[in-house]
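# A look at the structure
What follows is the residue order along each chain.
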Amino acid sequence: SQASFEEDSQKQPVVGHWKPLMPSRGSKEEPQAGCQDAGGVDETQSTEQLNVSRLRSSSVEIREKGSEFLREELHKAQKELKLKDKECERLSKVREQLEQELEELTASLFEEAHKMVREANTKQAASEKQLKEARGKIDMLQAEVTALKTLVITSTPSSPNRELHPQLQSPSKAVFRKGHGRNKSTSSAMVSAASQIVTPQPVSHERREVDAILFAEFQAWKESPTLDKSCSFLDRIYREDIRPCLDFTKQELSELVRVAVEQNTLTIEPVASQTLPVVKVSAEECGGPKKCALSGLPRTCKHRIMLGDSGSYYYISPSCRARITAVCNFFTYIRYIQQGLVRQDVELMYWEVMRLRREMSVAKLGFYPSEM
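In this report, the structure presented in the accompanying data block is examined. Note that the structure is predicted; figures quoted are calculated from it, not measured. (Residues numbered from 1 in each chain as written. Predicted model: local features only at pLDDT ≥ 70, side-chain atom pairs only at ≥ 80, totals over all residues. Heavy atoms only, no water.)

Buried residues dominate strand 3 (residues 303–307), accounting for five of its five residues. Burial of strand 3 is two-sided: the residues His303, Ile305 and Leu307 facing one way and the residues Arg304 and Met306 facing the other way are all buried. Where strand 2 (residues 266–270) meets strand 3, five bridges bridge the pair, whose relative direction is antiparallel. By the bridge assignment, Pro270 is partnered in strand 3 with His303. Linking two consecutive strands that pair antiparallel, namely strand 3 and strand 4 (residues 313–316), is a turn of five residues; a positive phi of about 65° is found at Gly308 within it. (Buried < 20%, exposed > 50% of the residue type's maximum accessible area, 1.4 Å probe, protein only. Helix = DSSP H or I, 4+ residues; strand = E, 2+ residues; numbered from the N terminus. Pairing = 2+ DSSP bridges.)

Turning our attention to the pairing of strand 4. Neither face of strand 4 is left uncovered, since the one carrying Tyr313 and Tyr315 and the one carrying Tyr314 and Ile316 both have all their residues buried. Of the pairings in the sheet, the one linking strand 3 to strand 4 comprises four bridges and is antiparallel in character. Each bridged residue has a counterpart across the sheet, and for Ile305 the counterpart in strand 4 is Tyr314.

This next bit is on a nonpolar patch on the surface. Taken together, Val362, Leu365 and Phe367 make up a surface patch of nonpolar side chains, about 320 Å² in accessible area. Considering the arrangement of structural elements, one finds Phe367 in the segment after helix 9 (346–364). (Patch = residues over 30% accessible without salt bridge, like charges linked within 9 Å, V, L, I, M, F, W, Y side chains within 5 Å. Areas by Shrake-Rupley, 256 points an atom, 1.4 Å probe, with all protein chains shown as cover. Salt bridge = Lys/Arg side-chain N within 4 Å of Asp/Glu carboxyl O.)

Bringing the packing of helix 8 (residues 318–338) against helix 9 into the picture now. One way to put it is that helix 8 packs onto helix 9 with a least axis distance of 8 Å and a crossing angle of 165°. Our classification of the angle between helix 8 and helix 9 gives roughly antiparallel. Classified by chirality, the crossing of helix 9 by helix 8 is left-handed. For the pair formed by helix 8 and helix 9, the contact residues are Ala322, Arg323, Ala326, Val327, Asn329, Phe330, Tyr333 and Ile337 on the first element and Met349, Glu352, Val353, Leu356, Glu359, Met360, Ala363 and Lys364 on the second. A class-by-class count of the residues in the contact of helix 8 with helix 9 yields eleven nonpolar, one polar and four charged. (Axes fitted to C-alpha atoms, helices over the stretch in contact; angles between N-to-C directions. Parallel < 35°, antiparallel > 145°, perpendicular 65-115°, else oblique. Left-handed = near helix turned anticlockwise from the far one by under 90°. Contact = heavy atoms within 4.5 Å. Nonpolar A, V, L, I, M, F, W, Y, C, P; charged D, E, K, R; others polar.)

A few words on helix 6 (residues 232–245). The terminal C-alpha atoms of helix 6, which comprises 14 residues, lie 19 Å apart, in line with the 20 Å expected from a rise of 1.5 Å per residue. On its buried face, helix 6 sits against helix 5 (212–223), helix 7 (251–262), helix 8 and helix 9. (Expected span 1.5 Å × (residues − 1).)

Relative to the helices and strands, Arg357 is located in helix 9. The residues contacting Arg357, other than those within four sequence positions of it, are Leu214, Arg236, Ile237, Glu240 and Asp241.

We now examine helix 8. The end-to-end C-alpha distance of helix 8 is 30 Å, a good match for the 30 Å that 21 residues give at a rise of 1.5 Å each. The buried fraction of helix 8 amounts to 18 of the 21 residues, a majority that puts the element mostly inside the structure.

Before going further, it helps to examine the pattern of salt bridges. Pairing between side chains of opposite charge can happen when the charged atoms of each approach one another. In this structure the tally under the stated criterion is 13 salt bridges. Where Glu61 meets Lys65, a salt bridge forms, and the shortest distance between an N and an O atom there is 3.3 Å. Of this pair, Glu61 and Lys65 both sit in helix 3 (residues 38–154), four residues apart, roughly one helical turn. Here Asp241 and Arg357 are joined by a salt bridge, their closest N and O atoms 2.4 Å apart. Residue Asp241 is located in helix 6, and its partner Arg357 is located in helix 9; the two are separated by 116 residues in the primary sequence. A relative accessible area of 9% places Arg357 in the buried class. Each member of the salt-bridge network shares a partner with another, and the members are Glu217, Arg236, Glu240, Asp241 and Arg357.

With 48 residues, the main nonpolar core has Ile242, Leu266, Leu294, Ile305, Ile324 and Phe330 as its most contacted residues. Among the secondary structure elements, those contributing two or more residues to this core are helix 5, helix 6, helix 7, strand 2, strand 3, strand 4, helix 8 and helix 9. Ranked by residue count, the leading element in this core is helix 8, at eleven residues. (Core = buried A, V, L, I, M, F, W, Y, C linked by side-chain atoms within 4.5 Å.)

This next bit is on the state of the cysteines. Applying the stated criterion across every chain, the model contains zero disulfides. No disulfide involves Cys328; its sulfur sits 9.7 Å from the nearest other cysteine sulfur, which is in Cys245. (Disulfide = S-S within 2.5 Å.)

What follows concerns the packing of aromatic side chains. Per the counting criterion, the structure on display carries eight aromatic pairs. Consider the rings of Phe218 and Phe233, whose centres lie 5.5 Å apart with planes at 65°: the pair is edge-to-face. Taken as a pair, Phe218 in helix 5 and Phe233 in helix 6 lie far apart in primary sequence, 15 residues in all. With relative accessibility at 0%, the residue Phe218 sits in the buried group. Under the relative-accessibility criterion, Phe233 is labelled buried at 4%. (Phe/Tyr/Trp six-rings, centres within 6.5 Å; stacked < 30°, edge-to-face > 60°.)

Let us now look at the packing of helix 5 against helix 9. In the contact formed by helix 5 and helix 9, the axes pass within 11 Å of each other and the chain directions differ by 110°. Accordingly, the angle class assigned to the pair helix 5 and helix 9 is roughly perpendicular. Here the hand of the crossing between helix 5 and helix 9 comes out right-handed. From helix 5, Leu214, Phe215, Phe218, Gln219 and Lys222 reach across to helix 9, where they touch Val346, Glu347, Met349, Tyr350, Val353, Met354 and Arg357. Across the contact of helix 5 with helix 9, the residue classes tally to eight nonpolar, one polar and three charged.

Now the structure itself:
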């Protein structure tokens, strides 16, 4: 504004002499001089007034433009401030949302980790249990295989093992051996069944012919061996052999014996030896040395049975023992087939099953070896 003022002052020519607009107090002007210079002074004053008015208008205009510019800048700054406030608010909401999602994610991760740890512990416990059961089964199978190998090594047709075949001993040694202990049904029956598997049978003069229906049922069962009674092979044997063979006078006890034989929990012990270990039982022994617990008839009982781990003993006659042993021999053999321990032709296995069925049929009719 000052530059424009100087520029305007240079363009306008100065007329006359510069004199103050108002006379000073101490000055005394002559009337004649005022009259003489009246025209020049008026022109000078008007020029000066014009310059002052221009200067004033320029300063006002500059002031207005400056204020207007400042107002526009202030308005822009306020708009930017509002936008920044909105952006800050939006970012704050985003931060809160992210923090909440992070907390939820952390909680879900911890929960999932705890769940995985629980599942892993459960699976580990189940695996350890299965491993323990599998080891028990392996030990049992190894024991049975060892027993079979012992039979093969120590018992041959030309030189049978008399310890494993008591019926071959002399009458003086046919009594119960010293130290004879308890025998599970499978253990007592394993000798008979395994010896039939390994030791060749003497040549018989009887003729035999395969029954097509029975052989077909056995072949179907052999494809997928099972102990389920619903299959046609076992259903027929249950109806024709097992149930009649284990059908004694005492029906309730007969049913318990059948279940124990099926579950392989039946124990047979001799009672005539004086060297047997004393076993304490929680229940009274049923029957007695002179009375059979299964038939209820007065008979000389040389053996007694225990069902599972009940601790209760039942005296049985030789005939009842022969019937129970025949059924145990059958179950032992089909368990060997199911476990894959029998390596024979299907027809040979079929005839062994028929022989065991014949033993059950003979035993249920009352026939039994004299050594029983």
